[in-house]
Amino acid sequence: MRKRYKKKFKKSFRFGDLIFLYLFFIFSLFFYLNLYYFTLPIILLFIFIPFYFYYYFIFITILFLLLFYFYYYFIIFLHDMTYIHVNPMDNKNGEIIVSIQSQVFDGFCGNNVGTFVLRRRGHIPKILNTVQYYSKYKHIGAEISNDTLKNIINEFCKDILFADNSSNTNNHTTTVITATSTTNTNQISFLTGYMKTYDCVDIVMNAIVELKKKKKIENIITNNENIEKIQNKEKEQVELLIENIINLNYFWICDPVMGDNGRVYVDSDVVKAYTKATTYADIITPNQFELELLSNTKINNEKDVIKSIDQLLNNGSKIIIVTSVRYSFDASNLYLYVGFYNNNKKLICFKFKIPRCDIDICGTGDLFTSLLLSFILKQKGNILKIISKVLNIMQVSN
Ligand SMILES: Nc1ncnc2c1ncn2[C@@H]1O[C@H](COP(=O)(O)OP(=O)(O)O)[C@@H](O)[C@H]1O
Ligand SMILES: Cc1ncc(COP(=O)(O)O)c(CN)c1O
């Protein structure tokens, strides 16, 4: 009896290798079918039961189950590291994001990019499309009419102010956005991108400024005394905190989309509207060409960039992020500059070196601004760290 058992075991040992491969195949199949959740170990157990009287298989089964569990938790761990798990419907912090950008039928730019990124990162933006075009290369389609734009924006402002009043007086019996009436309507951020006409920029800008006035939103006033008390090194750190530069409860990121590499893709008078907007926008994100248009300065070197940043900050903006500057003497890199005034109205400027891919892509600016907004809201703190995080995601390998 013992002999027979031994013989069988010896035979099945070679046969066992085949079984091993077969199990491997089944295992891979389950993984391929994404069936690796809790049902899989049970299914596997049933598959293994017929072989249970061989110790060899018992050992393999346990090993497999252990490996599976390690692998499963490792995947979950990686997933947690990579993505932010937020229920998109769970807007408990009451943030309100308004994304005013273009919409295209084909391709990626404007709200197609911006709102996707924001939603993927757990925000719930309110979306206004300034144009509906065929694609970012073929501007065939329609622009939003001034009346439609005004109507929608006015309605939004009314809702926000109503929500404020109703939460002040505790009068929830009336209708209109019950959801917002329970949230903090001071936490509003505006993200604006492609706008084709002067009027469009003007209407949006006036609405934001008006809302700011009505809601009595003060610009950030940093506490000088506190900063003076902090030692020098820490003082530098405090200067870099975004919450000390802009009012995070209400801000406007304005991407003055006008053109790139000498090509203009909006009406020629839009530059005038954006020049006006530099007085009110909290963060402006021009590329090199747009910076040249706004400051009326040709950018040839770093001095020109800093001079232009200073000029825009002087108009009233709080932070200027020049998303890409390309110098003739350095074809393999792009440079990003961020500038703002510290408490003593001294210009602080930093630059980031970005390895340049040898292609010109449209829509990168829209990806940049939406990530920037998300990191400002979620992370806050040091502005350089916020920009680094954005650039880490933007980075593409050659
Ligand atoms: N050719 C490129 N190589 C590497 N990064 C790029 C390239 N083009 C754009 N980017 C990334 O996209 C960001 C925004 O791009 P930019 O061209 O300045 O915006 P816009 O689309 O508004 O002109 C840059 O800061 C950079 O991180
Ligand atoms: C319709 C539309 N929207 C937005 C953009 C802005 O693109 P970018 O992010 O490159 O500034 C463009 C530029 N091609 C565009 O054509």
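Since the structure is predicted, the reported quantities are computational estimates derived from the model, not experimental observations. (Residues numbered from 1 in each chain as written. Chains lettered and ligands numbered in written order. Predicted model: local features only at pLDDT ≥ 70, side-chain atom pairs only at ≥ 80, totals over all residues. Heavy atoms only, no water.)

## Concerning the sheet that holds strand S1 (residues 96-106)
Here comes step 1: Pairing is mixed across the open sheet formed by nine strands, whose spatial order is S3-S2-S1-S4-S5-S8-S9-S10-S11. A single partner strand is all that each edge strand has here, and the edge strands are strand S3 (141-143) and strand S11 (347-355).
Here comes step 2: As paired strands, strand S5 (residues 250-254) and strand S8 (residues 283-284) are joined by two bridges and run parallel to one another. Bridge pairing in S8 places Ile253 opposite Ile283. (Pairing = 2+ DSSP bridges. Helix = DSSP H or I, 4+ residues; strand = E, 2+ residues; numbered from the N terminus.)

## Topic: the pattern of salt bridges
Here comes step 1: As enumerated under the stated definition, the model contains seven salt bridges in all.
Here comes step 2: Among the ionic pairs, Glu155 bridges to Lys158, the shortest N-O distance being 3.5 Å. Of this pair, Glu155 and Lys158 both sit in helix H5 (residues 146-169), three residues apart, which is roughly one turn of that helix.
Here comes step 3: Given the relative accessible area of 41%, Glu155 is considered partly exposed. (Salt bridge = Lys/Arg side-chain N within 4 Å of Asp/Glu carboxyl O. Buried < 20%, exposed > 50% of the residue type's maximum accessible area, 1.4 Å probe, protein only.)

## Section: the pairing of strand S10 (residues 330-341)
Here comes step 1: Burial analysis of S10 places nine of its twelve residues in the buried class, the great majority of the element.
Here comes step 2: Bridging between strand S9 (residues 319-327) and S10 involves six bridges; their strand directions are antiparallel. By the bridge assignment for S10, Tyr327 is matched with Asp330.
Here comes step 3: In this structure, S10 lies alongside S11, joined through nine bridges in antiparallel fashion. Counted as the bridge partner of Asn333 is Pro355 from S11.

## A word on the side chain of Lys136
Here comes step 1: Note on placement: Lys136 falls in the loop between strand S2 (125-135) and S3.
Here comes step 2: Although buried, Lys136 forms no salt bridge, and the nearest oppositely charged side chain, Asp366, lies 7.4 Å from it.
Here comes step 3: Engagement of the side chain of Lys136 in a polar contact is seen with the backbone oxygen of Cys362, the distance being 2.9 Å.
Here comes step 4: Residue contacts for Lys136: discarding those within four places in its chain leaves Val104, Asp106, Phe108, Cys109 and Cys362. (Lys, Arg positive; Asp, Glu negative; His and termini not counted. Polar contact = N/O pair within 3.5 Å; in protein donor to acceptor, adjacent residues only side chain to side chain. Contact = heavy atoms within 4.5 Å.)

## Here's the deal with the confidence of the model for the protein
Here comes step 1: Taken residue by residue, the protein gives an average pLDDT of 82. The fraction at 70 or more is 69%.
Here comes step 2: Averaged pLDDT values for the elements of the protein fall to 43 in helix H6 (residues 178-181) and rise to 98 in S8.
Here comes step 3: Confidence drops under pLDDT 50 across residues 84-90; counting only partners more than four residues distant or on other chains, this segment forms ten contacts.
Here comes step 4: Every residue in residues 223-228 is under pLDDT 50, and counting partners more than four places away or in other chains gives six contacts.
Here comes step 5: Interface scoring of the predicted complex returns ipTM 0.97; its pTM is 0.77. (pLDDT = per-residue confidence, 0-100.)

## A look at the site of ligand 1
Here comes step 1: Around ligand 1, a shell composed of 15 residues is seen, among which Asn287, Thr323, Ser324, Cys357 and Ile359 lie nearest.
Here comes step 2: Side-chain polar atom of Ser324 to an oxygen atom of ligand 1: 2.5 Å apart, as the coordinates give it.
Here comes step 3: Take Thr364: an N or O atom from its side chain is 3.2 Å from an oxygen atom of ligand 1.
Here comes step 4: Out of a free accessible area of 550 Å², ligand 1 has 91% covered by protein chains.
Here comes step 5: Those elements that provide at least two residues to the shell around ligand 1 are S9, S10, S11, helix H14 (364-378) and helix H15 (383-394). (Near = heavy atom within 4 Å. Areas by Shrake-Rupley, 256 points an atom, 1.4 Å probe, with all protein chains shown as cover.)

## Focus on helix H12 (residues 288-295)
Here comes step 1: The buried fraction of H12 amounts to seven of the eight residues, a majority that puts the element mostly inside the structure.
Here comes step 2: Listing the buried residues of H12 in full gives Gln288, Phe289, Glu290, Leu291, Glu292, Leu294 and Ser295.
Here comes step 3: At its buried positions, H12 is contacted by strand S6 (259-260), strand S7 (263-264), helix H11 (270-277), S8, helix H13 (302-315) and S9.
Here comes step 4: The backbone nitrogen of Phe289 lies 3.2 Å from a side-chain oxygen of the residue at the head of H12, namely Asn287.
Here comes step 5: Residue Asn296 follows H12 closely and has a positive phi angle near 55 degrees.

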